[in-house]
Amino acid sequence: MSQRPDSFSARTQLTVGDRRYAIWSLPALENAGLPVGRLPYSLKILLENLLRREDGRTVTAEDVEALARWDAKAEPSREIAYGPARVLLQDFTGVPAVVDLAAMRDAMAGMGGDASRINPLEPAELVIDHSVQVDFYGSPDALAKNAAIEFERNRERYVLLRWAQSAFDGFRVVPPETGIVHQVNIEYLARVVFATERDGGWQAYPDTVIGTDSHTTMVNGLGVLGWGVGGIEAEAALLGQPVSLLVPQVVGFRLDGILPAGATATDLVLRVVELLREKGVVGKFVEFHGPGLASLSLADRATIANMAPEYGATCGIFPIDQETLAYLRFTGRRSEHVDLVEAYAKAQGLFHDAGTPPAEYSDVVSLDLATVVPSLAGPKRPQDRVPLGEAKQAWAKTLNELSPGR
């Protein structure tokens, strides 16, 4: 295999434990005079993606330099070829993608070629959750009964998926009974930092993902850049096609203080949605930062990141920090992998702590967590938040508006 260009001499080695990894160093760009340190966390991930995938055609040195010199205030105009590290599928769109791959193998065999050469070019995971029905409930054995019926009802589908998991490289299926796709993603599937054996050695790079569920954004709470796409775009990525992406504006969301007693993550996210809907963040990245991060659990962060479709952003991302590492340990990730995540993030300037200087953002929204109060909101308009203490007055006002003169 021919060696890819390395226009900025960024390829270097990172040793963690007894293993050495090839990495593409962002500080090397800084040493080359490019102002990388000021970039938001999310754009650093995109920049590493371009740097590692530079080939002189799809990704050029000019693309890398243009992103490194990102103008925070400019309207998006630069298009890049972004290559996510993996693709996450739910069953409604994932099963048709598997059928397409199987059809390609059949066509290859029909032409006398080697059908085994047809494979996803990026790792892919399919989680069975959207189509599962609830026939039994309210009993201790309801889960087992529903699972048994699911396998019986959709036997043909599971025969196909079992074949696909053994036939295709880099493809695995998460069966029903496990959970909803975006929760399974953060608890089991997300790597935060990928470790891959390739070209005769190990490589490390940020975990990035596109998924066929709109709430794929939940994984942003773990420091993984990801968002939802349509089935055709996901299938194209499976076949090695990059995602065409305008380099976005990034809105910084500064968090201060600590949530008061009685306020929950739901109360917090309702306030965040309200503020961001007022600001207008459609087509933008939102990046959370500030001293208030340290007080937010991973569950709180995932709740906020999960609601990115509701506040309109492409994603709402949190950086890697000590809470990220603690969550990885809590969910059973290997200690060697957690060590790699920490070492890689620190080496690349992707680790957030109390001393991390603020990045340069297109705009900034601020929230003192201490001001968050218990609230109510309707299921379809979360931005119409009503503080719990004002619920009676809000109800009376709405009733009067609907029926004047009552």
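Refer to the structure presented above.
Since the model is a prediction, treat every value here as computed from it, not as a measurement. (Residues numbered from 1 in each chain as written. Predicted model: local features only at pLDDT ≥ 70, side-chain atom pairs only at ≥ 80, totals over all residues. Heavy atoms only, no water.)

Visitor: For this particular structure, what's the right way to read the overall build of the chain?
Guide: Along the backbone of the chain there are 14 helices and 17 strands. Its C-alpha atoms give the chain a radius of gyration of 23 Å, near enough to 22 Å, the size a compact globule of 406 residues would have. For the chain, the C-alpha atoms occupy an extent of roughly 80 × 60 × 40 Å along the three principal directions. Residues classed as buried in the chain amount to 49% of the 406 residues present. Once local pairs closer than 6 in sequence are excluded, the contacts in the chain between residues at least 24 apart make up 74%. Counting every atom, the chain has about 19200 Å² of accessible surface; 52% of that belongs to carbon and sulfur. A distance of 1 Å separates the average location of the 39 positive side-chain charges in the chain from that of its 52 negative side-chain charges. (Helix = DSSP H or I, 4+ residues; strand = E, 2+ residues; numbered from the N terminus. Rg over C-alpha atoms; globule rule 2.2 N^0.38 Å. Buried < 20%, exposed > 50% of the residue type's maximum accessible area, 1.4 Å probe, protein only. Contact = heavy atoms within 4.5 Å. Areas by Shrake-Rupley, 256 points an atom, 1.4 Å probe, with all protein chains shown as cover. Lys, Arg positive; Asp, Glu negative; His and termini not counted. Charge placed at Lys NZ, Arg CZ, Asp CG, Glu CD.)

Visitor: Quick question: what am I supposed to make of the environment of Thr266 here?
Guide: Relative to the elements of secondary structure, Thr266 occurs in helix 9 (residues 265–279). Under the relative-accessibility criterion, Thr266 is labelled partly exposed at 47%. Along the chain, Thr266 and Ala377 lie 111 residues apart, while their C-alpha atoms are 9.9 Å from each other.

Visitor: Sorry if this is basic, but what is going on with the pattern of salt bridges here?
Guide: A side chain with one charge may pair with a side chain of the opposite charge, provided their charged atoms come close. For the structure on display, the rule yields 19 salt bridges. Between Glu150 and Arg157 there is a salt bridge whose closest N-O contact spans 3.8 Å. Arg157 gets classed as partly exposed once you look at its relative accessible area, which sits at 21%. Taken together, the shared-partner salt bridges in this structure form one network comprising Arg86, Glu125, Arg172, Arg191 and Asp207. (Salt bridge = Lys/Arg side-chain N within 4 Å of Asp/Glu carboxyl O.)

Visitor: What should I look at first to understand the packing of aromatic side chains in this one?
Guide: For any pair of aromatic rings, the description rests on two quantities: the centre-to-centre distance and the angle between the ring planes. Under the defined criterion, the tally for this structure stands at nine aromatic pairs. One aromatic cluster is present, formed by Tyr82, Trp227 and Phe285 through successive ring pairs. (Phe/Tyr/Trp six-rings, centres within 6.5 Å; stacked < 30°, edge-to-face > 60°.)

Visitor: Would you explain the sheet that holds strand 10 (residues 225–228) in this entry?
Guide: Strand pairs in the sheet, formed through backbone hydrogen bonds, run parallel or antiparallel to each other. Strand order in the open sheet formed by five strands is 6-5-4-9-10, and the pairing between neighbours is parallel. With partners counted over all chains shown, the strands left at the sheet margins are strand 6 (171–174) and strand 10, one partner each. Averaged over all neighbouring strand pairs, the angle between strand axes comes to 20 degrees, with direction disregarded. Across the sheet, helix 8 (residues 231–238) touches strand 4 (86–90), strand 5 (124–127) and strand 9 (208–211), and the angle it forms with strand 4 is around 140 degrees. (Pairing = 2+ DSSP bridges. Axes fitted to C-alpha atoms, helices over the stretch in contact; angles between N-to-C directions.)

Visitor: Before we go on, may I ask you to explain the packing of helix 5 (residues 142–153) against helix 6 (residues 155–167) in this structure?
Guide: Here helix 5 crosses helix 6 at 85 degrees, and the two axes come no closer than 5 Å. One element, helix 5, and the other, helix 6, form an angle in the roughly perpendicular class. Contacts between helix 5 and helix 6 involve Glu150, Phe151, Glu152 and Arg153 from the first element and Arg155, Arg157 and Tyr158 from the second. Residues belonging to the contact of helix 5 with helix 6 are distributed by class as follows: two nonpolar, no polar and five charged. (Parallel < 35°, antiparallel > 145°, perpendicular 65-115°, else oblique. Nonpolar A, V, L, I, M, F, W, Y, C, P; charged D, E, K, R; others polar.)

Visitor: I'm lost on helix 7 (residues 181–189) in this one. Help?
Guide: Within helix 7, the full set of buried residues consists of Val181, His182, Val184, Asn185, Ile186 and Leu189. Considering only its buried residues, helix 7 is in contact with strand 4, strand 5, strand 6, helix 10 (298–306) and helix 12 (322–330).

Visitor: Explain unusual backbone geometry here, please?
Guide: The phi dihedral of Glu177 falls on the positive side, at around 85 degrees, and the residue is not glycine. With respect to the helices and strands, Glu177 occurs in the loop between strand 6 and helix 7. Under the relative-accessibility criterion, Glu177 is labelled partly exposed at 48%.

In short, geometric facts, not functional conclusions.
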